[in-house]
Amino acid sequence: MLYISLCLCLCLSLFSLSHSFLLPGIRKIDETHPCANFKYIKDKPVRDLAGEEFLRMHGAEKEGLIQMSLSMDKHGSKDTYLEEIKTFFYRDEFSQLVQSWNEQRMIILNYTLNNLLYPVLAEQLKRKMLEESTLHVLKKCKVKLRNCTQMAPYAVENMDESGNNGVRILGFCIRDAGEDKPGYGILINGAGAVEETITLSYFKYSSKGNTELAKKKEADMEKLREFLLEHKPHVVGLGCEGRALQYQREIQDVITSLEQQHQIDPITIELVDPTVSRIYKESNRAQVEFPNYTPEQRMAVSIARRLRDPLVEFTQLMNFSNDVLSIPWHSLQRFINEERLLRWLTQEFVTLVNNVGVDLNFAVEHYHYQNMVQFVCGLGPRKAAALLKLLKQHTEHLESRALLVQEFKLGSRVFLNCAGFIKVQHSREDSLSDNFQLLDSTRIHPETYIWAEKMAIDALEYDEDDEDDNNVKQRALEEIMDDPEKLLDLDLDAFNTELKRQEYPDKRITLYDIRDELTNRFADKRSPYHGLTDEEKFYLLSNESAEGFKEGSIVQCVVVGIARRKPKGDEPDIQPKRNEATGMWQCPLCLRDEFPELSEIWNHFDTSGSCPGQAVGVRVRLNNGISGFIATKNLSDQKVTNPEERVKIGKQIDAKVLRVNFEKVSVDLTCKTSDLNNTDEKNRYRYLMSCTK
């Protein structure tokens, strides 16, 4: 192993990488292709490869786009490994016989290196670089999962918990007008259970120019208004796709009118990433839980639950069908073994779920929460399913962690692994039970209950004679949880010293964790909820990625109108021009030249208001649905006065992205020939064509 490691270190310092394009690669790899970043690789030292570069090249080679080659000694270079080591085999003598043997040694050495050693080292090096780049991508997948789920449930400030069941969330699934499907809204309570539904058949349509459709849409708007007034959700969740921004504005108008007319509490609208919901609506779990719902209704449920708790909703896809692999975690995940990716995601789910904790009683009552149990340390899918089955059969409410061993025959080793992550929420009736243990509602492990009880009794200055009385312990815990500030007076370092004297290992960190847990039981350590950023909204609405759509990308778009700047009363000096050939006067703003008298131009500009204004550019719509703008100066390398002379409405043109405006969900473009004819692209195609000769 040491020899192989030394050889690989040698490879990293001496091997270089090159590739040539195959015919399919010449046709497919353009400036928007993921492989465009390494289009000119020749004799690149492998030590300079970083991150996922090699996996991307390996994937391109696997798809038949390129052919990679590793070389040890550059062709024509004097500084080669062969020149370095030949001194060990070369005899510096001048006799004819010695020179002949030197020639034979060089032939044998050259053959051994190029035909035996180099190919083996190159193969080993490829495997090493592939493994390193694969690990890099796997880590990125875990980070993306963590970023998606490390966000606390949506919370409402100063919410009165009396008379309701937590935050009420209304999730909407509204398809685009091109799809002949109604829009659905699903209202869930704080536990994630469905309370009410609403169907809006004509909400998605535009009412302009169609009186009958306008009446039907207005009826849907009134239906939504009455629904919101009756049920008063705290937040509305809307899938960030298609025309979501338009739907958001229309729903906001309804909410604003209700706030003004009926003084209801504010209702916020949140755009939600619909990726998980699209997969969930077709999953077996969704069909089992909602057999009579349409896929769109199931999607609306998932959107609402995504706001309630992102982690719970992601675990819905960890099923026997491995639906979690349908999420686009990384652009290169197709080149990674699915079982390996699933193992990495499972490990991350275990970490995330145990950081939050799992309420077994809640899982028994709510089907959508049950997938969380399998990620508790020490359980797994089979033990979790068996435990939930026993809980449903033998009891309606788990009173204590200890019952998992006493009644449900959970193994002692499994119990020690999972106990600290299982949350048992107590009811008033539980406090009367012999099995009642208040610490079961905390992250404190049963092995350290005695230290937590000792800390509570010492903080409250109870008599030492009462330390063996269980009722006194529970009363002390209740008092200290109601007034945890008394724990701050404890000297935990002295407590740790006493434990060391009793031959315990250093428990300082554990003692401080116990104090924190007594102060705030099972506190959610995830970051507070925050909505999608403007950049995230842009890529979700456009269905693009940051890698494929950015400044410099070449796109196709359709001209939808001419952008004009309306004239103002304080417009600077306006000088109409007269066409000497026709005798007509021309408006200097809209460039109309059909005015026989100069006075008609002033009337056209000042009084009638018929002047549309000066053309400042062209409005376009990209193939991905995003709106764009091409300024007049960017229409051509030549000076353009009137854009209508250059382009026509409905014409399809090629353009280059100059700037992406995430906030306004639009892009600034150019269609100048000089901008489109990139010099690098000419060189690239010239290079590609030379590779085919």
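Parameters and conventions
- Residues numbered from 1 in each chain as written.
- Predicted model: local features only at pLDDT ≥ 70, side-chain atom pairs only at ≥ 80, totals over all residues.
- Heavy atoms only, no water.
- Helix = DSSP H or I, 4+ residues; strand = E, 2+ residues; numbered from the N terminus.
- Buried < 20%, exposed > 50% of the residue type's maximum accessible area, 1.4 Å probe, protein only.
- Pairing = 2+ DSSP bridges.
- Axes fitted to C-alpha atoms, helices over the stretch in contact; angles between N-to-C directions.
- Polar contact = N/O pair within 3.5 Å; in protein donor to acceptor, adjacent residues only side chain to side chain.
- Salt bridge = Lys/Arg side-chain N within 4 Å of Asp/Glu carboxyl O.
- pLDDT = per-residue confidence, 0-100.
- Contact = heavy atoms within 4.5 Å.
- Core = buried A, V, L, I, M, F, W, Y, C linked by side-chain atoms within 4.5 Å.
- Patch = residues over 30% accessible without salt bridge, like charges linked within 9 Å, V, L, I, M, F, W, Y side chains within 5 Å.
- Areas by Shrake-Rupley, 256 points an atom, 1.4 Å probe, with all protein chains shown as cover.
- Lys, Arg positive; Asp, Glu negative; His and termini not counted.
- Charge placed at Lys NZ, Arg CZ, Asp CG, Glu CD.
- Phe/Tyr/Trp six-rings, centres within 6.5 Å; stacked < 30°, edge-to-face > 60°.
- Parallel < 35°, antiparallel > 145°, perpendicular 65-115°, else oblique.
- Left-handed = near helix turned anticlockwise from the far one by under 90°.
- Nonpolar A, V, L, I, M, F, W, Y, C, P; charged D, E, K, R; others polar.
- Arc of directions from axis to C-beta.

### Some thoughts on the overall build of the chain
Right, on to step 1. When helices and strands are counted, the chain shows 24 helices and 17 strands.
Right, on to step 2. For the chain, buried positions account for 45% of its 693 residues.

### A few points about the sheet that holds strand 7 (residues 235-239)
Right, on to step 1. Pairing is mixed across the open sheet formed by five strands, whose spatial order is 6-5-4-7-8. Of all strands in the sheet, those with a lone pairing partner are strand 6 (194-200) and strand 8 (268-272), marking the two edges. The mean angle between the axes of side-by-side strands here comes to 20 degrees, regardless of whether they run parallel or antiparallel.
Right, on to step 2. In this sheet, strand 8 lies alongside strand 7 in parallel orientation, the contact comprising five bridges. Counterpart to Gly237 in the pairing with strand 8 is Glu270.

### Observations regarding the side chain of Arg56
Right, on to step 1. With respect to the secondary-structure elements, Arg56 resides in helix 3 (residues 53-62).
Right, on to step 2. Among the polar contacts listed, one links the side chain of Arg56 to the side chain of Glu52, at a separation of 2.7 Å.

### Focus on the pattern of salt bridges
Two side chains of opposite charge can pair, provided their charged atoms sit close to one another.
Right, on to step 1. In the structure shown here, the tally under the stated rule is 19 salt bridges.
Right, on to step 2. Lys128 serves as the salt-bridge partner of Glu132, at 3.1 Å between the closest nitrogen and oxygen. Placement of both Glu132 and Lys128 in helix 5 (residues 96-149) is noted, with a separation of four residues, approximately one turn of the helix.
Right, on to step 3. Its salt-bridge partner being Glu131, residue Arg340 comes within 2.6 Å of it at the nearest N-O pair. Placement of Arg340 in helix 12 (residues 338-356) and of Glu131 in helix 5 is noted, with a sequence separation of 209 residues between them.

### Looking at the pairing of strand 16 (residues 652-661)
Right, on to step 1. As paired strands, strand 16 and strand 17 (residues 666-670) are joined by five bridges and run antiparallel to one another. Residue pairing across strands places Asn661 opposite Ser666, the latter belonging to strand 17.
Right, on to step 2. Once strand 16 ends, the chain turns through four residues before running back antiparallel as strand 17, passing Val665 with a positive phi of about 55 degrees.

### Details of the confidence of the model for the chain
Right, on to step 1. Confidence along the chain averages 79 in pLDDT terms, with 78% of residues attaining 70 or more.
Right, on to step 2. The low-confidence segment residues 1-10 (pLDDT under 50) makes eight contacts with residues lying over four places distant or belonging to another chain.
Right, on to step 3. Within the model, the stretch residues 679-693 combines pLDDT values under 50 with 20 contacts to residues more than four positions away or in other chains.

### Some words on the nonpolar core
Right, on to step 1. In terms of nonpolar packing, the biggest core is built from 71 residues, with Val324, Trp329 and Leu404 touching the most fellow members.
Right, on to step 2. With eight residues, the top contributor of residues to this core is helix 12.
Right, on to step 3. For Leu404, the contacting residues outside a window of four places in its chain are Leu360, Leu387, Leu398, Lys409, Leu410, Phe415 and Ile422.
Right, on to step 4. Core analysis: the next-biggest nonpolar cluster, separate from the first, contains 50 residues, Leu170, Ile198, Tyr539 and Val620 among them.

### Concerning a negative patch on the surface
Right, on to step 1. On the surface, Glu195, Glu196, Glu226 and Glu230 cluster together into a negatively charged patch.
Right, on to step 2. At the level of secondary structure, the elements contributing two or more residues to the negative patch comprise strand 6 and helix 6 (211-231).
Right, on to step 3. What makes Glu195 partly exposed here is its relative accessible area of 39%.

### Observations concerning helix 3
Note that an α-helix has 3.6 residues per turn; residues three or four places apart therefore point the same way.
Right, on to step 1. Among the residues of helix 3, Phe54, Leu55, Arg56, Met57, Gly59 and Ala60 are the ones counted as buried.
Right, on to step 2. Remark: Gly64 follows helix 3 within two positions and exhibits a positive phi of approximately 80 degrees.

### A look at the packing of aromatic side chains
Right, on to step 1. Tallied over the entire structure, the rule returns eleven aromatic pairs.
Right, on to step 2. Here Phe203 and Tyr247 contribute two aromatic rings whose centre-to-centre distance is 5.9 Å and whose plane-to-plane angle is 50 degrees, an arrangement assigned as tilted. Here Phe203, found in the loop between strand 6 and helix 6, pairs with Tyr247, found in helix 7 (residues 244-262); they are 44 residues apart in sequence, far enough to count as distant. Neither Phe203 nor Tyr247 differs from the other in exposure class; each is buried.
Right, on to step 3. Residues Phe538 and Phe549 carry aromatic rings whose centres are separated by 5.8 Å and whose planes lie at 40 degrees to one another, so their mutual orientation is tilted. You can see Phe538 sitting in helix 21 (residues 534-542) and its partner Phe549 sitting in the loop between helix 21 and strand 11 (554-565), a full eleven residues away along the chain. For the pair formed by Phe538 and Phe549, the shared burial category is buried.

### Details of unusual backbone geometry
Residues apart from glycine generally show negative phi values, whereas peptide bonds are mostly found in trans.
Right, on to step 1. Of note, Phe522 is a non-glycine position whose phi angle comes to about 45 degrees, a positive value.
Right, on to step 2. Looking at where Phe522 falls in the secondary structure, it is placed in the loop between helix 20 (508-519) and helix 21.
Right, on to step 3. Residue Phe522 is classed as buried on the basis of its relative accessible area, which comes to 10%.
Right, on to step 4. Here the phi dihedral of Val665 falls at roughly 55 degrees; this positive angle occurs in a residue that is not glycine.

### Here's the deal with the environment of Ala155
Right, on to step 1. Looking at the element boundaries, Ala155 is found in the loop between helix 5 and strand 4 (169-173).
Right, on to step 2. In this structure Ala155 comes out as exposed when scored by relative accessible area, which is 59%.
Right, on to step 3. Distance from Ala155 to Gly166, taken between C-alpha atoms, is 9.1 Å for residues eleven residues apart in sequence.

### With respect to the packing of helix 17 (residues 449-460) against helix 18 (residues 470-482)
Relative placement of two packed helices is described by the angle separating their axes and the distance separating the axes.
Right, on to step 1. Direction vectors running N to C along helix 17 and helix 18 enclose 70 degrees, while the axes themselves pass 9 Å from each other. Taken together, the axes of helix 17 and helix 18 lie roughly perpendicular to each other. Crossing handedness for the pair helix 17 and helix 18: left-handed. Contact residues: helix 17 offers Ala452, Glu453, Ala456, Ile457, Ala459 and Leu460, while helix 18 offers Lys473, Gln474, Ala476, Leu477, Glu479 and Ile480.
Right, on to step 2. Each residue belonging to the contact of helix 17 with helix 18 can be placed in one class, and the counts come to eight nonpolar, one polar and three charged.

### Examining the packing of helix 6 against helix 7
Right, on to step 1. Between helix 6 and helix 7, whose axes approach to 10 Å, the crossing angle comes to 55 degrees. In terms of axis orientation, helix 6 runs oblique to helix 7. Classified by chirality, the crossing of helix 7 by helix 6 is right-handed. Residues Lys217, Met221, Leu224, Arg225, Leu228 and Leu229 of helix 6 lie in contact with helix 7, whose contacting residues are Glu250, Ile251, Val254, Ile255, Ser257, Leu258 and His262.
Right, on to step 2. Among the residues making up the contact of helix 6 with helix 7, the classes are represented as eight nonpolar, two polar and three charged.

### Considering helix 19 (residues 492-501)
Right, on to step 1. Listing the buried residues of helix 19 in full gives Leu492, Phe495, Asn496 and Leu499. Summarising the axial view, the buried residues of helix 19 lie within an arc of 100 degrees, below the 170-degree limit, and thus occupy one face. Residues of helix 19 that are exposed and point over 90 degrees away from its buried face: Thr497 and Arg501.
Right, on to step 2. In this fold, the buried residues of helix 19 make contact with helix 17 and helix 20.
Right, on to step 3. Within two residues after helix 19, Glu503 carries a phi angle of roughly 70 degrees, on the positive side.

### A short note on the environment of Asp323
Right, on to step 1. Examined against the element boundaries, Asp323 turns out to sit in the loop between helix 11 (310-315) and helix 12.
Right, on to step 2. Distance from Asp323 to Tyr280, taken between C-alpha atoms, is 8.0 Å for residues 43 residues apart in sequence.

### Side note on the side chain of Thr134
Right, on to step 1. Summarising the element assignment, Thr134 is placed in helix 5.
Right, on to step 2. Judged by relative accessible area, Thr134 falls into the buried class, the value being 8%.
Right, on to step 3. In this structure Thr134 touches Leu55, Ile336 and Arg340, once residues within four positions along its chain are discounted.

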